[in-house]
Amino acid sequence: MKRNLPRLNRRAFLAGTGLCLIGTAAQAQMKVADLRGSIDSADLGLLPNAVDDQSAQFQNAVNRAVERGRALFLPAGTYPVSNLRLPSGTLIVGVPGRTRLVYQGGGGQLLRAEGVSNIGLTGITFDGANRAIGDFTEGLLHFIGVRTLELDNCEIAGSSKMGVVLDRCSGRVENCRISGAAEAGLRSNEAVGLRITGNTVSDCANGGIWVHRWRDGEDGTIVSGNRVERIGARYGGTGQFGNGINVFRAHGVMVSNNRIADCAFSAIRSNTGSNVQIIGNSCLRSGETGIYSEFAFQGAVISNNIVDGATTGISIANFMDGGRLSVCSGNLVRNIKEDGPYPPEVAGFGIGISAEADTALTGNVIEGAPKFGMMLGWGPYMRNISAAQNVIRDCGTGIAVTVVDGSGPAVITGNIVQGSKNGAIRGYRWLERTTGELNGASEFSNLTVEGNQIAA
């Protein structure tokens, strides 16, 4: 049935367009109004593009603006400064991409805030110029015990140590670009309500985003929607460095919807991080394990991630040290390789997904793991593993399950295993294959293997 739709005449179109333009103008006016109460730094004697060091003038301008309860506006240009200190209530606004604070070196740092609250930095480029930073600090920008820090739409580049260091801070780091740090791009220690979202961290020599604690404890940091790319491992090792997002001793951390590519070791590595959630991330071309939950953790959800390119796709490990209790579901793991960044240890490389204790492995798809599609347990370290409804194809051995004396229960059911060169479901004593195909009645009372579809 044909409906009579209203016709849009020229007058109505122009009226609607006018309303849109009025709305756009109103938004722009509101943004200008946000700065109307600010103080232009030039009015306080701080001029852009000065040749000489402007640290004293800059510090004075910050202090005067805070005393008056006003924001400090920095016009476009370069400001050569060092060793700035931010008092409570500091709000500094620059012109994104054009307001540049350039560190002058001398063994200090660019900026510090300690034991203060309500710090806001927006639209500023902080350039470390790769100059030496003092031994008393670990980063170009260092925030200690800051309540409600807001670092928004800023750029931090060229630090000879870490880019941004946050110790016991709350607030957010959002929409920032951090690059060229000689160590990690951003490190948080013992956060007290922190959000790290929408940032780009790239070309850092030792790490991307670190969420750490000095001692085990609840942390609750949210790391979401970031791009982390080209992260090196300057200090070498076997995974302490070279990770895109690294969680260490921090519990209750959420790592979601990040895109992480070309890291020397792991895209996401959680060490002793209980109740960690690693969900919906894209992990590309990792030099070692794509996603790691390891050592003394209790509780990990690793779901709906893509791991494309790694030596092990996902590892849930170290039951010997208390690592246990996880859900690994809905992940896509592919293009796994056997060549790692150091000589192979323990089970070696070339594994799609490995797990040891109290873990449900459900609905994962694994393709192209040259050693094992799935590895269940290691030696006697296996307990309560359920591997169900997974699709595994073109792997060396489809599912390798430990049959060492003392290993605990495992159920392997409802999986599809296709194109495995060395067997679909086999029992192993460490790396020695010791059984034929396991699919049906088993001589091992702790194993239930049934209902799997095996195809050539």
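The preceding data block contains the structure.
### Details of the overall build of the protein
Consideration 1: Regarding its fold elements, the protein presents 2 helices and 46 strands.
Consideration 2: Each of the three principal axes of the protein carries a C-alpha extent, and together these read 85 × 75 × 30 Å.
Consideration 3: Per-residue burial for the protein yields a buried fraction of 54% across its 456 residues.
Consideration 4: About 19000 Å² of surface is accessible on the protein, with carbon and sulfur atoms providing 51% of the total.
Consideration 5: On the protein, the mean spot of the 41 positive side-chain charges and the mean spot of the 39 negative ones are 10 Å from each other.

### Observations concerning a nonpolar patch on the surface
Consideration 1: Side chains of I306, L332 and V365 sit close together on the surface and give an oily, nonpolar patch of about 200 Å² of accessible area.
Consideration 2: When you line up the elements, L332 lands in strand β33 (residues 332–336).

### Here's the deal with the pairing of strand β7 (residues 111–114)
Each regular strand displays side chains that alternate between the two surfaces of the sheet.
Consideration 1: Two strands pair when backbone bridges link them, and strand β4 (residues 84–85) and β7 are joined in this way by 2 bridges, in the parallel orientation. By the bridge assignment, L84 is partnered in β7 with L111.
Consideration 2: As paired elements, β7 and strand β10 (residues 139–144) share 4 bridges and run parallel to each other. Note on β10: the bridge partner recorded for A113 is F143.

### Remarks on the environment of L72
Consideration 1: Relative to the helices and strands, L72 resides in strand β2 (residues 72–73).
Consideration 2: We classify L72 as buried; its relative accessible area is 1%.
Consideration 3: Along the primary structure L72 and Q54 are separated by 18 residues, whereas in three dimensions their C-alpha atoms are 15 Å apart.
Consideration 4: Those residues in contact with L72, other than ones at most four positions away along the chain, are I39, S41, L44, A61, V62, A65, L91, I92 and V93.

### Thoughts on the pattern of salt bridges
It is possible for side chains of opposite charge to pair when their charged atoms get near one another.
Consideration 1: Going through the model one piece at a time under the given rule, you end up with 22 salt bridges.
Consideration 2: When salt bridges with common partners are traced through the structure, they connect E150, D152, R172, E174 and R195 into a single cluster.

### Overview of unusual backbone geometry
Consideration 1: The backbone of N257 shows a phi angle near 55°, a positive value even though the residue is not glycine.
Consideration 2: At L325, a position not held by glycine, the phi torsion is positive, near 80°.
Consideration 3: Its place among the elements puts L325 in strand β32 (residues 324–329).

### Section: the packing of aromatic side chains
Within a pair of aromatic rings, the relevant descriptors are the distance that separates the centres and the angle that separates the planes.
Consideration 1: Counting across every chain of the model gives 6 aromatic pairs.
Consideration 2: When the centroid spacing of 6.4 Å and the interplanar angle of 80° are considered together, the rings of F58 and Y79 count as edge-to-face. Placement of the pair is F58 in helix α2 (residues 55–67) and Y79 in strand β3 (residues 77–81), with a sequence separation of 21 residues. With respect to burial, F58 and Y79 carry one shared label: buried.

### Quick word on the pairing of strand β24 (residues 259–263)
Consideration 1: With 4 bridges joining them, strand β21 (residues 227–231) and β24 adopt parallel strand pairing. Paired with V228 across the bridge in β24 is I260.
Consideration 2: Sheet topology places β24 next to strand β27 (residues 282–284); 3 bridges connect them, and they run parallel. Residue pairing in the sheet places I260 in a bridge with C283 of β27.

Conventions and cut-offs
- Residues numbered from 1 in each chain as written.
- Predicted model: local features only at pLDDT ≥ 70, side-chain atom pairs only at ≥ 80, totals over all residues.
- Heavy atoms only, no water.
- Helix = DSSP H or I, 4+ residues; strand = E, 2+ residues; numbered from the N terminus.
- Buried < 20%, exposed > 50% of the residue type's maximum accessible area, 1.4 Å probe, protein only.
- Areas by Shrake-Rupley, 256 points an atom, 1.4 Å probe, with all protein chains shown as cover.
- Lys, Arg positive; Asp, Glu negative; His and termini not counted.
- Charge placed at Lys NZ, Arg CZ, Asp CG, Glu CD.
- Patch = residues over 30% accessible without salt bridge, like charges linked within 9 Å, V, L, I, M, F, W, Y side chains within 5 Å.
- Salt bridge = Lys/Arg side-chain N within 4 Å of Asp/Glu carboxyl O.
- Pairing = 2+ DSSP bridges.
- Contact = heavy atoms within 4.5 Å.
- Phe/Tyr/Trp six-rings, centres within 6.5 Å; stacked < 30°, edge-to-face > 60°.

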